[in-house]
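# Inside the fold
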Amino acid sequence: MKRFKAAAVVLVLALAACSGGGDDETTKAAPASQADIDKAMQTPTELTFWTWVPDIQKEVDMFTAKYPAIKVKVVNAGQGEPQYTKLRTALKAGTGAPDAVQIEFQYIPTFSLTKSLVDLRPYGAEAQKDKFVDWTWSQVSGANGEIWAYPQDTGPMGMLYRQDLFDKYGIEVPKTWEEFAAAARKLHTADPKVYLTNLASNQNGAYMGMLWQAGAKPFATTGPESVTVNLNDEVAKKVGDYWGGLIKEGVVSADPDFTDPWYQALNRGKYATWLTAAWGPVFLTGSAKSTSGKWRAAPLPQWTAGENKAGNWGGSTTAVVTGTKNPVAAAKFAEFLNTDPAVTKRFATEQFLFPATKALLADQSFTGLKPEFYGGQTVNQVFSDISGTVDTQFQWPPFLDQAVNDWDETVGKSFADKSDTGAALDQWQQRVSDYAKNQGFKVGQ
Amino acid sequence: MKRRSNLLTIGMLALLVYFLLPLFWLVVASTKSTGDLFSSFGLWFTADFHLFQNIGQVFTYGDGVYGRWLLNTLFYSVVSAGGAAFLCALGGYGFAKFRFRGNSTLFGVVLAAVMVPTTALAIPTYLLFSKIDLVNTPWAIILPSLVSPFGLYLMRIYAQDAIDDSMIEAGRIDGASEMGIFFKIVLRSLAPGIVTVLLFTLVATWNNYFLPLIMLNDPELYPITVGLAAWSSQTAGGGGSTGDLLALVVTGSMLSIVPLIAAFLLLQRYWQSGLSAGGVKG
Amino acid sequence: MKKGYLFILPFMIVFVAMLVVPLVYAAYLSLFREQLIGGTVFAGLDNYTRALTDDRLIGGVLRVVRFFLLQVPIMLLISLVAALAIDSGLLRFAKVFRLGIFVPYAVPAVVATLMWGYLYGPDFGPFAQLAGSLGLPAPGFLTDGGMLGSMANIVTWEFVGYNMIILYAALRGVPGELYEAAAVDGAGSWRIAWSIKIPALRPALLLCLIFSVIGSFQLFAEPQLLQRLAPSVIDSAYTPNLYAYTLAFTGQEVNYAAAVSFLLGLVIVIASSLVLLATRRRPA
C-alpha cells in the first residue's frame, strides 16, 4: 500500500450533501489579483471570528490597526468540541456561521469533507508555506494541494518528568519505551502510591500522538469516496498492547485528565512524568504551582534505540468558513494572525501558544527562556527540537468526532477497566469501519 | 390541643439535613480559594475568607459576562413564564367553561404532548428556526418555552373550580363581551392559579439547559446554566492557559440560585393554593 | 359555544407552531438518510429497523428503566412521607420543613449536578474526606457500579420537594370533615393517614408518577455533566436522550437521531400507559 505523497486528506469534491452554502467556486477559484485584495481590504467589512484563545483581542487589534476598514468580532463559542458542534449546526442551518474560525489540526479533514472550509490558495497561501514547520503545513494541506488553514500553534509531544522523584528512586531518564516500562515497574514497586506516568483513559489526543510517533497510519484517504482504517494492524497493536499491558499490570495509571483529581495528583506527585505536548510546560506551571523547580523536559522514549521521532497532540489553526461574504478579508485576516512576526510572537509570549513558524522556533528570545519551574532548563528549546522530528505523513479521518467517541468507548474504556486492550482495538476498528460504511465510504485496510 | 411528635420532628430533621447540606457545602465552598477547596474539609469554613474576592472574580472574568448571563436568564424566564401563564390562563378558561366541538379531543392531544422527548423537538426546531433566522436570538429560547401543556392542565382544573358559572352569566346579562368578562371578572379569580403556573414555567425556563445549548452560539446570549457548564468544561479543557476557573464555577453556581430561592420564599404561599385544585382533581 | 375557540386559539397556535410542526418535521426527517458520501436519500423505515436492533439504544433504554425502578419509588416514598408529616400537625416548625425540602427544586439541574459532582469527588469530596479520616476507602460514587445510584440521588434531591408540594397541596384539599368523623371514631393520626389521606392522594400520586416516567426517560443534563467526571463510566449511549444528542451532533446522523427520538417518545407513551393501567382503580 503505497502512501500518498501529500499527507492529510483528500477533499471529496462532488459529495457532502447539505453542508450550508456549499458553493463549488471556492475550490476552483482563480487567484485573487493584488488589486482585488487591496480593494477588499479597504472596503468596510465586518468579520466574525470564533476562537477560544484567551485575550486574543490584542492580536486582533493589531490586524484592525493595519486594516482600519475591517472590523473583527471575536466570539468564544466554546473550546474544541462544543465549538465544532455549534459550527456544524450553523453551517447546516446556513446562517450564523463565522467568517474565520479556530480549528484544531485533527478536525480539518472532517470539515473539509463537508466543504465547510475555503481553499486559501487563491488568496496567496502558497507563498506562506516556507514560514511554517513542514509537518504543520502538510497537516493543513489537502490531497489535491488545497490549503485549508494557517497553522496557529502546535503540540509536538515530549516528556515532562519529576527530577526529584527520578533521583529519589534512582531512575534514569528512559530513552526507549522498553526502558520506560522497566522504570515504571521499578518505581511503582518502590512506592506503590507513585506511577511513572498516567495515560488518561479519556484522552484520545495523547493516544493518537503515541500512534503518530510509532509511525502508525490509522487513517488515510485513498480516493474521493474511500478511506482506509487501520486501527488494529501490527503497529497499532504494538502501541495498544504496550500501554494496555502496563496499565493492566498496575504500574501506569489511567486516570481521566484535566479533572480535579488529576490536577491534585499532579500537585501531590502521584505521577512522575507527564507525556504531553509543547503547550504542556506552561500549562503545568499554572496547574501544579506547588511543584515548581522539580520538573524537567525530555523527548519521548523511542521504539527503536537511537531513533528520534515524535508525534503531535493538539495545536490549532485559523480557517476560513465557506459561505463567508468576505473570503478575501477573512483569508488575509487568517494569514496576518499567523504570519505577522509581532502577532505570532505575542501569541508565544502572552498566550503561551507553542509556535508553528520556523522563525519563532529559531528565535533565541523564545527558545532561550529558562523558566524556574523547570530548574532553569531551556524547555522551549527541547520542544522546538522535537517539533523538527514530527512525522509529516500522519493523517486524520474525515469523521473525527465519531472516531474519538468510539475510541473513548472501546480502547479508552479498556484502559479504565484494565480489560483486554487487544480486543478493544478490534472493536474500535469494527465500529469506525461500520460507521464509515454507513456513511457511504468505501472502506479499506 | 394537638400533640407534637418529637420522634417525627427528629426524623424530618434528618431529611432536612439531606436537602440542605449540599447547599450549605456550596455556600462554604464559595468562600474558599481554589487551593483551600482541595486541601480543607469541605463542610466547614477556612480562616482565609475568600467570598468577596470570588464574587468579584465571577463578575469580572471574561469582561463581566456572568452578569450578562444572569440578566439573560432573568429576561428569558420572566418573558417565557409570563407569556406561558397568560396563554394557559386564556386556554384553560376556554377549555373549562366552553363546550365546543373537539374540546376534549384537543385537550387530550395537548396533554399527550407532555410525553414528547425534548431531543425529538430540539433538533427539528433548530433546523426550522434557522430557516427563519431565529437561531442565536432570544426568541429561540422564548418561543418554545411559551408552550406549557401542564400549565394548561392546571389552569383548566383551576378555572373549573374557581370560576362560578353564575359570575359569567351575570357578566353576559350585563352585556359584556366574552373577552371583557375574562379580563374584568375571571382573571382576578384565576390569579392564584396563574401565579402557580408562572412559577412552574419560571423554574422550567430558568433550569433549561438542552434548548439554549443547541440554539445559542454567542456567549453574550447564554443563560446561566449553559454559561456555567461552559466554564466548567473549560476547567477540563486543558490545552491552553485556561487558568483557574474552579472557584468561579462554584461561586457562580452559588450566586445563580439565590434569585430563584428568594422568589420561591416570597411566592411560596401560591404554590399550595394554586395546586390544591389540580392535585386533587387530577 | 364557538367563543371558546377564541380563548384556546392563542395557546393552540403556539402549541402547533412549537410542538406539532417540529414533531411532524422530525417524523419527516426520520424517513431519510443523509450520508457524508452520497447525500440524502429516502430510506423508508430503515432508520427504525436499525434502531430496533441497535444494542446501544436498547442498552440505554434498559438503563433508564432500571433507573426508574430504583429512583422513582424512593423519591415518591420520601415525598409522600414528608407531605403526610407536614400535613399531620404533629410536627414542630412544619413550615420550615416544607420550605427547606422544597428549596432544591429551585436549583437548576446543571448546578445541582455540578455541586453533587464535587461532593462525590473521590479525592477531596467531603464524603471521601470523612471516609479517609476514618481510615475507610473513598466511596465509589462515580464508578461503574455506583453511578446509577449517584445519579438517582441527584434526581431525588432535586425533585422530592416538587412532588412533595403537589402531594401536600392535594392533602390540603381533602375536606376536613372526613378527619373529624374519623377522629370521633377514635382513629389515631397514623390510621387517618393510612385509610383516609393516602387513598385521597391517589390522583396526585398518579400525576407525580407520570411526570417521573417522563423525566426518567428524558434524562440528559445529569449524565451529560457527570460524563466529564467519569468518562469511562458514562458513554455516549448512557441514556437514550444523550444517545440521540450524540448521534445528531457528534455522528452527524440527524435523521437517525430523529428516528431514535421518535421511538423514545413512543416508549414513554407506552410506559405511561402501563403505569395508568397498573394503577387503575379496581371496580368497587
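Residues numbered from 1 in each chain as written. Chains lettered and ligands numbered in written order. Predicted model: local features only at pLDDT ≥ 70, side-chain atom pairs only at ≥ 80, totals over all residues. Heavy atoms only, no water.

Each helix and strand in chain A was counted, giving 19 helices and ten strands. Relative to the compact-globule value of 22 Å for 445 residues, chain A shows a C-alpha radius of gyration of 22 Å, a close match. With respect to the principal axes defined by its C-alpha atoms, chain A has extents near 70 × 50 × 35 Å. In chain A, which comprises 445 residues, the proportion classed as buried is 62%. (Helix = DSSP H or I, 4+ residues; strand = E, 2+ residues; numbered from the N terminus. Rg over C-alpha atoms; globule rule 2.2 N^0.38 Å. Buried < 20%, exposed > 50% of the residue type's maximum accessible area, 1.4 Å probe, protein only.)

This brings us to the overall build of chain B. Helix and strand counts for chain B stand at twelve helices and zero strands. Taken across its 282 residues, chain B has 59% of its residues classed as buried. Taking the contacts inside chain B whose residues are at least 6 apart along the sequence as the reference set, 73% of them involve residues at least 24 apart. Put simply, chain B shows about 11,100 Å² of open surface, and 66% of that area lies on carbon and sulfur atoms. (Contact = heavy atoms within 4.5 Å. Areas by Shrake-Rupley, 256 points an atom, 1.4 Å probe, with all protein chains shown as cover.)

Core analysis: the largest hydrophobic core is formed by 199 residues, its most contacted members being Y93(B) and L190(B). For Y93(B), the contacting residues outside a window of four places in its chain are C88(B), F98(B), A159(B), I163(B), I168(B), I181(B), F182(B), V186(B), L190(B) and F7(C). Formed by 146 residues, the second largest nonpolar core is a distinct cluster that contains I147(A), Y161(A), A183(A) and A278(A). (Core = buried A, V, L, I, M, F, W, Y, C linked by side-chain atoms within 4.5 Å.)

Chain C puts 90 residues into the contact, and the matching count from chain B is 100 residues. Our enumeration of links across chain C and chain B arrives at zero salt bridges. Remark: the boundary between chain C and chain B carries nine residue pairs in polar contact (both at pLDDT 80 or more). Examining the composition of the side of chain C that touches chain B, we find that 19 residues originate from one element, helix α1 (residues 3-29) of chain C, more than from any other. (Salt bridge = Lys/Arg side-chain N within 4 Å of Asp/Glu carboxyl O. Polar contact = N/O pair within 3.5 Å; in protein donor to acceptor, adjacent residues only side chain to side chain.)

Right, let's talk about the interface of chain A and chain C for a bit. Across the contact, 38 residues belong to chain A and 27 residues belong to chain C. Per-residue buried area on chain A facing chain C is highest for E409(A), N438(A) and Q439(A); these three make up 19% of the total on that side. Taken together, chain A and chain C are joined by two salt bridges. Across the contact surface, chain A and chain C share eight residue pairs in polar contact (both at pLDDT 80 or more). (Buried area = accessible area lost by both parts, 1.4 Å probe.)

Residue and element names in this part refer to chain A. Counted by the stated rule, this structure contains 27 salt bridges over all chains. Among the ionic pairs, K237 bridges to D426, the shortest N-O distance being 2.9 Å. One end of the pair, K237, is in helix α10 (residues 234-249); the other, D426, is in helix α19 (residues 421-438), and 189 residues separate them in sequence. Residue K237 is classed as partly exposed on the basis of its relative accessible area of 24%.

Its location among the elements puts M12(B) in helix α1 (residues 6-29). Not counting chain neighbours up to four residues away, the residues in contact with M12(B) comprise A82(C), A85(C), I86(C), L91(C), F97(C) and I101(C).

All names here are of chain A. Look at α10: 22 Å from first C-alpha to last across 16 residues, which is about the 22 Å you get at 1.5 Å a residue. Where α10 is concerned, the buried positions are A236, V239, G240, Y242, W243, G244, L246 and I247. Positioned one or two residues after α10, G250 has a phi angle of 90°, which is positive. (Expected span 1.5 Å × (residues − 1).)

A few words now on a nonpolar patch on the surface. The grouping of V17(B), L21(B), F24(B), F41(B), W44(B), F45(B), F49(B), F52(B) and L130(C) at the surface amounts to a nonpolar patch, some 860 Å² of accessible area in total. Secondary-structure assignment places F41(B) in the loop between α2 (34-39) and α3 (51-97). Among the residues examined, F41(B) registers a relative accessible area of 36% and is labelled partly exposed. (Patch = residues over 30% accessible without salt bridge, like charges linked within 9 Å, V, L, I, M, F, W, Y side chains within 5 Å.)

Let us now look at the pairing of strand β9 (residues 312-320) of chain A. The two faces of the sheet receive side chains in turn, since in a regular strand these alternate between them. Residue and element names in this part refer to chain A. Taking burial as the measure, the nine residues of β9 include nine buried ones, the bulk of the element. Where strand β3 (residues 100-104) lies against β9, five bridges are found, and the strand directions are antiparallel. Bridged to A100 within β9 is V320. Relative to β9, strand β4 (residues 149-162) is paired through six bridges, and the arrangement is antiparallel. Bridged to T154 within β9 is G315. (Pairing = 2+ DSSP bridges.)

Further remarks concern unusual backbone geometry. Residue and element names in this part refer to chain A. If you check the backbone angles, D55 has positive phi at about 55° while not being a glycine. With respect to the secondary-structure elements, D55 resides in the loop between β1 (45-50) and α3 (57-66). Located in the positive-phi region is F352, a residue other than glycine, with phi close to 60°. Of note, F352 is situated in the loop between α14 (341-349) and α15 (358-361). The exposure class assigned to F352 is partly exposed, which follows from its relative accessible area of 39%.

The next thing to look at is the environment of Q53(B). Looking at the element boundaries, Q53(B) is found in helix α3. Spatially, the C-alpha atoms of Q53(B) and V116(B) are 44 Å apart, while their sequence positions differ by 63 residues.

Turning to the environment of A181(C), a few remarks are in order. Its place among the elements puts A181(C) in helix α8 (residues 176-184). It is 23 Å that separates the C-alpha atoms of A181(C) and L80(C), two residues lying 101 residues apart in sequence.

Residues and elements named next belong to chain A. Across the sheet, three strands lie side by side as β5-β6-β10; this open sheet has mixed pairing. Two strands lie at the open edges of the sheet, namely β5 (219-223) and β10 (442-444), each paired on one side alone. The mean inter-strand angle of the sheet, taken between neighbouring strand axes irrespective of direction, is 30°. With three bridges joining them, strand β6 (residues 226-229) and β10 adopt parallel strand pairing. Looking at the pairing, S226 lines up with K442 of β10. (Axes fitted to C-alpha atoms, helices over the stretch in contact; angles between N-to-C directions.)

Summarising the element assignment, S88(C) is placed in helix α3 (residues 55-88). A polar contact of 2.7 Å, which involves the side chain of S88(C), links it to the backbone oxygen of A85(C).

Evaluation of the coordinates by the stated rule reveals 89 aromatic pairs over all chains. Pairing F258(A) with W279(A) gives two aromatic rings, centres 6.4 Å apart and planes at 40°, and the pair type is tilted. Of this pair, F258(A) sits in the loop between α10 and α11 (260-268) while W279(A) sits in the loop between β7 (273-277) and α12 (280-287); the two residues are 21 residues apart in sequence, bridging distant segments of the chain. The buried category is assigned to W279(A), whose relative accessible area is 7%. Ring centres of F59(B) and Y66(B) lie 5.2 Å apart, and the angle between their planes is 90°; this geometry places the pair in the edge-to-face category. Residue classification places Y66(B) among the buried residues on the basis of a relative accessible area of 0%. Pairwise contacts between aromatic rings join F150(B), Y153(B), F200(B), F102(C), Y105(C), F159(C), Y162(C) and F211(C) into one cluster. In this structure, R50(C) is placed above the aromatic ring of Y256(C), and the distance from its NZ or CZ to the ring centre is 3.8 Å. (Phe/Tyr/Trp six-rings, centres within 6.5 Å; stacked < 30°, edge-to-face > 60°. Lys NZ or Arg CZ within 6 Å of the ring centre and 35° of its normal.)

Okay, the packing of α10(A) against α19(A) next. All names here are of chain A. The interhelical angle for the contact between α10 and α19, taken along N-to-C directions, is 135°, at an axis separation of 9 Å. Accordingly, the angle class assigned to the pair α10 and α19 is oblique. Two packed elements cross with a definite hand, and for α10 against α19 that hand is right-handed. Residues A236, K237, G240, D241 and G244 of α10 touch α19, and the partners they reach there are T421, G422, L425 and D426. (Parallel < 35°, antiparallel > 145°, perpendicular 65-115°, else oblique. Left-handed = near helix turned anticlockwise from the far one by under 90°.)

Attention shifts here to the pairing of β3(A). Residue and element names in this part refer to chain A. When you tally the buried positions in β3, you get five out of five residues, the bulk of the element. By the alternation rule, side chains of β3 split into A100, Q102 and E104 and V101 and I103, which are all buried. In this structure, β1 lies alongside β3, joined through two bridges in parallel fashion. The residue bridging F49 from the neighbouring strand is A100, located in β3.

Right, let's talk about the confidence of the model for chain B for a bit. Residues and elements named next belong to chain B. Taken as a whole, chain B shows an average pLDDT of 84; of its residues, 89% reach a score of 70 or greater. Here α2 is the element of chain B with the lowest mean pLDDT, 74, and helix α6 (residues 139-145) is the one with the highest, 93. Throughout residues 237-243 the model reports pLDDT below 50, and contacts reaching past four residues in sequence, or to other chains, amount to 15 contacts. Across the assembled chains, the prediction reports ipTM 0.87 with pTM 0.83. (pLDDT = per-residue confidence, 0-100.)

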